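Residues per chain are reported as follows:
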Amino acid sequence: MADEGEGFEYETPKIPARTAFRRFWPLTKGLRKWLLVVWLCTVLAALAETEAILLFGDLTDHALQQGSLAAFWSPAVKWLGIAVAGALVAYAGNSLAAWATERFVMRLREHVFDHVQQLPPHFFQRHRQGDLLSRLTGDVEAIETMVVSGLVGAASAAFSALFYAVAAFWLRWDLAAATFVLAPLFWLAARRFSGSLKDVSREGRVADGAITSVVEESLGNIVLTQAYDRRDAERRRLREEANAWFRASVRSTRLNEAYEQLVQVIETVCVLAVIGIGAWEISTGRMTLGQLLAFAAFLGYLYPPVRGLAQLGLTVTAATAGAERLIEILDVRPSVTDPRHRAETGRPDGTVEVRDVSFRYPGAETTALEDLSFSVSPGELVIVTGPSGAGKSTVSKLLLRFYDPDRGEVLLDGVPLRDFPLARLREYVTLLPQETLVLHDTVRANIACGRPGASDQAIEEAAKAADAHDFVLRLPDGYDTRVDPHSARLSGGQLQRLAIARAILRDAPVLVLDEPTTGLDALAARRVVKPLRRLMAGRTTIMITHDLNLAPDADRVLVVDRGRIVETGRHDELLARGGAYARLHRSQNNAVLDTGELRMPLWEERRTPAPGYPYEYGQGQGQGQGQGYGNGYAYGHEAYAQTPPAAHTSAVHAPAAHTPLAPAHVPSYGGAGHVPSALPDGRPAGP
Ligand SMILES: Nc1ncnc2c1ncn2[C@@H]1O[C@H](COP(=O)(O)OP(=O)(O)OP(=O)(O)O)[C@@H](O)[C@H]1O
């Protein structure tokens, strides 16, 4: 198994061809009988060729040398019949071989792809995507040349070589023996070249992966490239990798060509030896010209398989370099697997408990989480916040069971997550990740992937609940409009609303939201709040976020720092405490103030005012001054429905001198002046 604990780069293992072959041979299961048929076709084709050669000798001696047309017809008809039968057999054999090899390639690719899809997040952070692509394409094909074509080719070549050799011996054993003395020269030549060829193939495969990576990364970063005019730098990066590939490719061609030419020379020596001995035999009357030509023809047929065997050795050696790269991936074990004894549970209520959890990423030096404990009751909203690198996203990875904790346990309805079948667990716990994940497919398919097989009506209802229906209908083909991850058709906020629709359709009892508003501008962030609320309603929600605008809604806020919970409580309690949370909140609000007018309406009042807290909150009931703001106001608006209005109606204190949002603006936002008159540390909020 690849050691994940050693560091951040994996070392490609060096593997002998035999080990690589054994590793992939099991994938030929079900194809082997067809490979046998292919081999039989090759044997039959070789038999047909042999018969044709013998008929050629017969024709030379009887029809040509004696000038007899009568002696021509019978062998000619036989020859033609054999040629047609041989052609049919060769056609069937080659077609079947192509079918079997392509099936193998598909099977191998699926096998590796399946495996890669189970690998933990850190694997993808440590491997370049382009390199993985090249392994799934070029390297997979290289293995085919070793396992399927290689094997069938070797078996066919070995049979043909043996067969023609026997035929040559049968025709003239002494002449055959003389030529066979030279046969080991082929083997020596192949041996001489194989080591260098393996090295150069390895370099070529690595360079190929690097080129794909550079192209992939560069295209992914095209905006940065163009905006900063990094074309030269990117070209240089490509050229560096391409140079490595160029050198490996030229060296490989040179080696192959040198081997080819050397073999040609050896063959010429053999043919000259045969002609020399043959001329002497004919001069002494021990051989006819027909026999000599037939013998030479056998040699002509014998050399390709002998050469092929040696060449195949080289091909297999080169393919081993690809096999090494695939085995390296296949040896990385998924960090979590399905349990042996599955918990028999129905749909959980959604009680989540994180119990004394510690966790360190494979290969990392420090722990990401340390003795973390908290629990969430069904339907509760818990916000996990903290500074960057505190371990917030790691919590989400453990809740989704991308990893198991090193110590402690994560439980759902009292059952450890590791006892749930993975597929079932991911049905019960839905992740809404930070980056909006979009399939290259239609809008409909993008929503439906939340629940495969969902009806169109269910999809549209989910889209309506996510406030996506209207903009989807405005797309050129409505729900059948195709989108992709870099789609310019949809804004970040719209993509996020599609993701929310997908999560609504999935209807899991537990939701993990990882920074659901990060990366969105203020207006877009506001527009997703209402759909987010609909998504969270009635579900256990753990929201990981820096954005504390939703914190007043939370039943509890956990402040995580350096992998530990440093504070826990309700938003207002924590603010009143004036500790880590209050500092985080303050720093965020400073940033909010910096962004000026647009963000102001995002200021939100608490559900219950914190006594003694130096803030003064504005009201949030304003609705619908333009859609963006209307939704923004929903931040507070839906919360009001659940809490007595009196609790939310602190006076608006938004003096013009304190804020870029002058009083004149306040009414235009529906009176929602959530404007602090002073910062928590007592400084005035305005300039
Ligand atoms: N794949 C990884 N391998 C090793 N260490 C990692 C890996 N991913 C995260 N870490 C480390 O674990 C710690 C917690 O990371 P995490 O991503 O959970 O932080 P976070 O609070 O979500 O940060 P941010 O708010 O910036 O997203 C950090 O020190 C980080 O460097």
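Preceding this section is the structure that the text describes.
Criteria and thresholds
Residues numbered from 1 in each chain as written. Predicted model: local features only at pLDDT ≥ 70, side-chain atom pairs only at ≥ 80, totals over all residues. Heavy atoms only, no water. Helix = DSSP H or I, 4+ residues; strand = E, 2+ residues; numbered from the N terminus. Buried < 20%, exposed > 50% of the residue type's maximum accessible area, 1.4 Å probe, protein only. Areas by Shrake-Rupley, 256 points an atom, 1.4 Å probe, with all protein chains shown as cover. Pairing = 2+ DSSP bridges. Axes fitted to C-alpha atoms, helices over the stretch in contact; angles between N-to-C directions. Near = heavy atom within 4 Å. Polar contact = N/O pair within 3.5 Å; in protein donor to acceptor, adjacent residues only side chain to side chain. Nonpolar A, V, L, I, M, F, W, Y, C, P; charged D, E, K, R; others polar. Contact = heavy atoms within 4.5 Å. Parallel < 35°, antiparallel > 145°, perpendicular 65-115°, else oblique. Left-handed = near helix turned anticlockwise from the far one by under 90°. Core = buried A, V, L, I, M, F, W, Y, C linked by side-chain atoms within 4.5 Å. Salt bridge = Lys/Arg side-chain N within 4 Å of Asp/Glu carboxyl O. Phe/Tyr/Trp six-rings, centres within 6.5 Å; stacked < 30°, edge-to-face > 60°.

Trainee: Could you clarify how one ought to interpret the overall build of the protein chain in this entry?
Mentor: A count of helical and extended segments in the protein chain gives 22 helices and twelve strands. Within the protein chain, the fraction of its 687 residues that count as buried is 48%. For the protein chain, the computed accessible surface area is about 32,500 Å², with 57% contributed by carbon and sulfur atoms.

Trainee: Any chance you could explain the sheet that holds strand E9 (residues 510–514) here in plain terms?
Mentor: What links the strands of a sheet is backbone hydrogen bonding, and the strands pair in either a parallel or an antiparallel sense. On the basis of which strands lie adjacent, the open sheet formed by six strands has the order E6-E9-E10-E3-E11-E12 and mixed pairing. Strands with a single pairing partner mark the edges of an open sheet, and in this sheet they are strand E6 (429–432) and strand E12 (564–569). Strand-to-strand twist of the sheet, defined as the mean angle between neighbouring strand axes without regard to direction, takes the value 20°. Where strand E3 (residues 381–385) meets strand E10 (residues 540–544), four bridges bridge the pair, whose relative direction is parallel.

Trainee: Honestly, the site of the ligand in this entry has me stumped. Any pointers?
Mentor: Within the structure, the ligand sits among 15 residues, and Gln-125, Ser-388, Gly-389, Lys-392 and Thr-394 are positioned closest to it. Ser-388 places a polar side-chain atom, nitrogen or oxygen, 2.5 Å from an oxygen atom of the ligand. One of the side-chain N or O atoms of Lys-392 is found 2.8 Å from an oxygen atom in the ligand. If the ligand stood free it would expose 630 Å²; the protein chains cover 70% of that surface. Elements with a minimum of two residues in the shell around the ligand: helix H4 (121–126) and helix H12 (392–399). Across the shell around the ligand, the residue classes tally to five nonpolar, eight polar and two charged.

Trainee: What is the right way to look at the side chain of Arg-539 in this model?
Mentor: Within the secondary structure layout, Arg-539 lies in the loop between helix H18 (522–536) and E10. Taking the relative accessible area as the measure of exposure, Arg-539 reaches 10% and is therefore buried. Among the polar contacts listed, one links the side chain of Arg-539 to the backbone oxygen of Leu-535, at a separation of 2.5 Å. Not counting the four nearest positions on each side in its chain, Arg-539 is found in contact with Gly-379, Glu-380, Ile-504, Asp-507, Ala-508, Pro-509 and Leu-511.

Trainee: Just to check I follow, could you spell out the side chain of Thr-394 for this structure?
Mentor: Position of Thr-394 relative to the elements: it lies in helix H12. When neighbours within four sequence positions are excluded, Thr-394 is seen to be in contact with Phe-359, Tyr-361, Ala-368 and Leu-369.

Trainee: Could you clarify how one ought to interpret the packing of helix H2 (residues 32–64) against helix H11 (residues 289–330) in this entry?
Mentor: Helix packing geometry: the angle between the two helix axes and the distance between the axes. At a minimum axis separation of 8 Å, H2 and H11 run at an interaxial angle of 155°. Relative to H11, the element H2 lies roughly antiparallel. Crossing of H2 against H11: the hand is right-handed. Between H2, through Glu-49, Thr-50, Ile-53, Leu-54, Phe-56, Gly-57, Thr-60 and Asp-61, and H11, the contact on the second element is made entirely by Leu-289, Gly-290, Gln-291, Leu-293, Ala-294, Ala-297, Phe-298 and Tyr-301. Here the residues of the contact of H2 with H11 are counted per class, giving nine nonpolar, five polar and two charged.

Trainee: When you look at the nonpolar core in this model, what are you seeing that I'm missing?
Mentor: The nonpolar side chains of a soluble globular protein tend to be buried with one another. Ile-447 and Leu-535 are the most contacted members of the largest nonpolar core, which totals 50 residues. With eight residues, the single largest contributor to this core is helix H17 (residues 492–506).

Trainee: How should the packing of H2 against helix H3 (residues 70–117) be read in this particular structure?
Mentor: It is at 8 Å that the axes of H2 and H3 come closest, and there the two elements cross at 160°. Between H2 and H3, the angle falls in the class roughly antiparallel. Relative to H3, H2 is oriented so that their crossing is left-handed.

Trainee: Where do I start with the pairing of strand E4 (residues 407–412) in this structure?
Mentor: On a regular strand, each side chain points to the face opposite its neighbour's, so the side chains alternate between the two faces of the sheet. Two strands pair when backbone bridges link them, and strand E1 (residues 352–359) and E4 are joined in this way by five bridges, in the antiparallel orientation. Bridged to Arg-355 within E4 is Glu-409. Of the pairings in the sheet, the one linking E4 to strand E5 (residues 415–416) comprises two bridges and is antiparallel in character. Across the sheet, the residue bridging to Leu-411 is Pro-416, located in E5. Taking the residues that link successive antiparallel strands as the turn, the E4-E5 hairpin has two residues, and the phi of Asp-413 there is positive, at about 50°.

Trainee: Would you mind showing me how to read the pattern of salt bridges here?
Mentor: For side chains bearing opposite charge, pairing can occur when the charged atoms are close. Applying the stated criterion across every chain yields a total of 28 salt bridges. We note a salt bridge from Glu-141 to Arg-109, for which the minimum N-O separation is 3.2 Å. One end of the pair, Glu-141, is in helix H5 (residues 129–147); the other, Arg-109, is in helix H3, with 32 residues separating them in the sequence. For Arg-109, a relative accessible area of 28% puts it in the partly exposed group. Among the salt bridges present, the one from Glu-217 reaches Arg-128, with a minimum N-O distance of 3.1 Å. Of this pair, Glu-217 sits in helix H8 (residues 184–220) while Arg-128 sits in the loop between H4 and H5, and the two are 89 residues apart along the sequence. Among the residues examined, Glu-217 registers a relative accessible area of 24% and is labelled partly exposed. When salt bridges that share partners are traced, they join Asp-131, Arg-135, Asp-139, Arg-325 and Glu-328 into one network.

Trainee: Looking at this structure, I do not really get the environment of Ala-445. What am I missing?
Mentor: When you line up the elements, Ala-445 lands in helix H14 (residues 443–448). Separated by 35 residues in the primary sequence, Ala-445 and Asp-480 place their C-alpha atoms 8.3 Å from one another.

Trainee: I'm lost on the pairing of strand E11 (residues 556–561) in this one. Help?
Mentor: When E3 meets E11, the two strands line up parallel, connected through four bridges. Bridge pairing links Val-382 to Arg-556 in E11. Note that E11 and E12 share five bridges and pair antiparallel. Bridge pairing in E12 links Leu-558 to Thr-568. Between the end of E11 and the start of E12, which pair antiparallel, lie two residues, with Arg-562 showing a positive phi angle near 45°.

Trainee: Can you help me understand the packing of aromatic side chains in this one?
Mentor: Remark: the centre distance and the inter-plane angle together describe each pair of aromatic rings, the angle taken between the planes. If you walk through the whole model with that rule in mind, you get ten aromatic pairs. Between Trp-34 and Trp-99, the ring centres sit 6.2 Å apart and the planes meet at 85°, which makes this aromatic pair edge-to-face. Here Trp-99 lies in helix H3 and Trp-34 lies in helix H2, a separation of 65 residues in the sequence. Assessed through its relative accessible area of 35%, Trp-34 is described here as partly exposed. For Trp-99, a relative accessible area of 40% puts it in the partly exposed group. Aromatic pair Tyr-361 and Tyr-403: ring centres 5.5 Å apart, planes at 90°, arrangement edge-to-face.

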